[in-house]
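# Fold and geometry: a report
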Amino acid sequence: MMKIRTVTRYKAFGWHLIFSTTIALFCASIVFYLWYPGLLAKASGVINIFMLLLIVDVVLGPIITLIVFNPLKKELKRDLFIVIAIQLIALTYGLYTVFVTRPVYIVFNSGAFDVVHANEISKENQDKATRQQFRYLSYFGPEYIAAHLPKDPKVAEKIILSAVSGGNDIQHLPEYYLPYIEAKDEVIKQLKPLSDLKTFNKDSIRQVNYLIERYETANTEVGFLPLKGKLQDLTVVISRSNGEILETKDLRPRL
């Protein structure tokens, strides 16, 4: 076993950097592949925040080790323990913050999809869900579902007024959720032609043309709907034959 007195500060820095990078990559894989898969990280605005946290955590810890490491120092183990403890606390806090704001549902409503985050659904509203499957929030990425306004006009008006005033909208109320398969016919009716994307993406015409040609070549009739995110909107490509969600593209779905 390597004795600490034989370790130079540069070797300690190197080992600390490798350890920190390994932990950071593991955490990033959970965040970007499990909680915020695909383009949802970009739409939710979590990329810059979490990457900044990782960079600071990965770089700052090893640099402090480089500064304080002295094999002859009596308090060296204590100092290293404090550095690592602070590093882990900061990383844990960052992971927790990203976890509680993770996307849990992508809800179809009124001709578009809304990304709903875990902290946007209160426990009280969650418990009101009429279907058991919507009483629990997913830990493994968001689920495509739909929501519908209640038939009672007074209740529907109350929800609309709440949304206008900055309160809960229909997508935040699990009692009005239904499986996506039950809303496929309505989704198909609302689909817009891919050619409309040219109007909204004049700086990405080649990408739009490639998308259109790809589906035309495959003889697949498709359309699109907007997906509303916190930071930016995305485009959801959907089959016109069965309402299947085919892919999500980093294209503006409206002006």
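Residues numbered from 1 in each chain as written. Predicted model: local features only at pLDDT ≥ 70, side-chain atom pairs only at ≥ 80, totals over all residues. Heavy atoms only, no water.

It is worth spelling out the overall build of the protein at this point. Within the protein one finds 9 helices and 7 strands. Taking 255 residues into account, the globule formula puts the C-alpha radius of gyration at 18 Å, and the protein, at 24 Å, lies well above it. The principal-axis extents of the C-alpha atoms in the protein amount to approximately 75 × 45 × 30 Å. Burial statistics for the protein: of 255 residues in total, 40% are counted as buried. Of the side-chain charges in the protein, 30 are positive and 24 negative, and the distance between the mean point of each set is 11 Å. (Helix = DSSP H or I, 4+ residues; strand = E, 2+ residues; numbered from the N terminus. Rg over C-alpha atoms; globule rule 2.2 N^0.38 Å. Buried < 20%, exposed > 50% of the residue type's maximum accessible area, 1.4 Å probe, protein only. Lys, Arg positive; Asp, Glu negative; His and termini not counted. Charge placed at Lys NZ, Arg CZ, Asp CG, Glu CD.)

The next thing to look at is the packing of aromatic side chains. For any pair of aromatic rings, the description rests on two quantities: the centre-to-centre distance and the angle between the ring planes. One pass over the structure, following the stated rule, counts 9 aromatic pairs. Seen in terms of ring centroids, Phe113 and Tyr144 are 5.5 Å apart; in terms of plane orientation they differ by 85°. Their pairing is edge-to-face. Of this pair, Phe113 sits in strand β2 (residues 112-117) while Tyr144 sits in strand β3 (residues 143-147), placing them 31 residues apart in sequence. Residue classification places Tyr144 among the partly exposed residues on the basis of a relative accessible area of 24%. Taken together, a centroid distance of 5.4 Å and an interplanar angle of 90° make the contact between Phe134 and Tyr177 edge-to-face. (Phe/Tyr/Trp six-rings, centres within 6.5 Å; stacked < 30°, edge-to-face > 60°.)

If you trace the backbone, Asn109 turns up in strand β1 (residues 103-109). As a C-alpha pair, Asn109 and Gln126 span 17 residues in sequence and 18 Å in three-dimensional space. Once residues lying within four places of it in the same chain are set aside, the contact partners of Asn109 are Ala147, Ile170 and Gln171. There is a polar contact of 3.3 Å between the side chain of Asn109 and the side chain of Ser110. (Contact = heavy atoms within 4.5 Å. Polar contact = N/O pair within 3.5 Å; in protein donor to acceptor, adjacent residues only side chain to side chain.)

Position of Ala43 among the secondary structure elements: in helix α2 (residues 40-44). According to the relative accessible area criterion, Ala43 is buried, its value standing at 0%. For the pair Ala43 and Leu227, spaced 184 residues apart in sequence, the C-alpha separation works out to 8.9 Å. Filtering out sequence-adjacent residues up to four positions away, Ala43 remains in contact with Gly229, Lys230, Leu231, Gln232 and Leu234.

We now examine a nonpolar patch on the surface. The grouping of Ile47, Met51, Ile55, Val59, Ile63 and Ile67 at the surface amounts to a nonpolar patch, some 490 Å² of accessible area in total. Here Met51 lies in helix α3 (residues 46-68). Residue classification places Met51 among the partly exposed positions, given a relative accessible area of 33%. (Patch = residues over 30% accessible without salt bridge, like charges linked within 9 Å, V, L, I, M, F, W, Y side chains within 5 Å. Areas by Shrake-Rupley, 256 points an atom, 1.4 Å probe, with all protein chains shown as cover. Salt bridge = Lys/Arg side-chain N within 4 Å of Asp/Glu carboxyl O.)

What follows deals with the confidence of the model for the protein. With 98% of its residues at a pLDDT of at least 70, the protein reaches an overall mean of 90. Ranking the elements of the protein by mean pLDDT puts α3 last, at 83, and strand β6 (residues 234-239) first, at 97. (pLDDT = per-residue confidence, 0-100.)

In this section: the packing of helix α1 (residues 9-35) against helix α4 (residues 76-100). Between α1 and α4, whose axes approach to 11 Å, the crossing angle comes to 10°. The orientation of α1 with respect to α4, classified from their angle, is roughly parallel. Facing His16, Ser20, Ile23, Cys27, Val31 and Trp35 of α1, the residues of α4 in contact are Val83, Ile84, Gln87, Leu91, Leu95, Val98 and Phe99. Residue classes in the contact of α1 with α4 are distributed as 10 nonpolar, 3 polar and no charged. (Axes fitted to C-alpha atoms, helices over the stretch in contact; angles between N-to-C directions. Parallel < 35°, antiparallel > 145°, perpendicular 65-115°, else oblique. Nonpolar A, V, L, I, M, F, W, Y, C, P; charged D, E, K, R; others polar.)

On to α3. Its 23 residues give α3 an end-to-end C-alpha distance of 33 Å, which sits within 8% of 33 Å, the value for a rise of 1.5 Å per residue. Taken as a whole, α3 has its buried residues at Val46, Phe50, Leu54, Asp57, Val58, Gly61, Pro62 and Thr65. Buried residues in α3 make contact with α1, α2 and α4. (Expected span 1.5 Å × (residues − 1).)

A few words now on unusual backbone geometry. If you check the backbone angles, Ser110 has positive phi at about 55° while not being a glycine. As for its position among the elements, Ser110 is in the loop between β1 and β2. Relative accessible area serves as the criterion here: at 67%, Ser110 is assigned to the exposed category. Phi angles above zero are rare outside glycine, and Asn219 is one such case at about 55°. Mapped onto the elements, Asn219 comes out in the loop between α9 (205-217) and β5 (222-228). Using a relative accessible area of 71% as the deciding quantity, one classes Asn219 as exposed.

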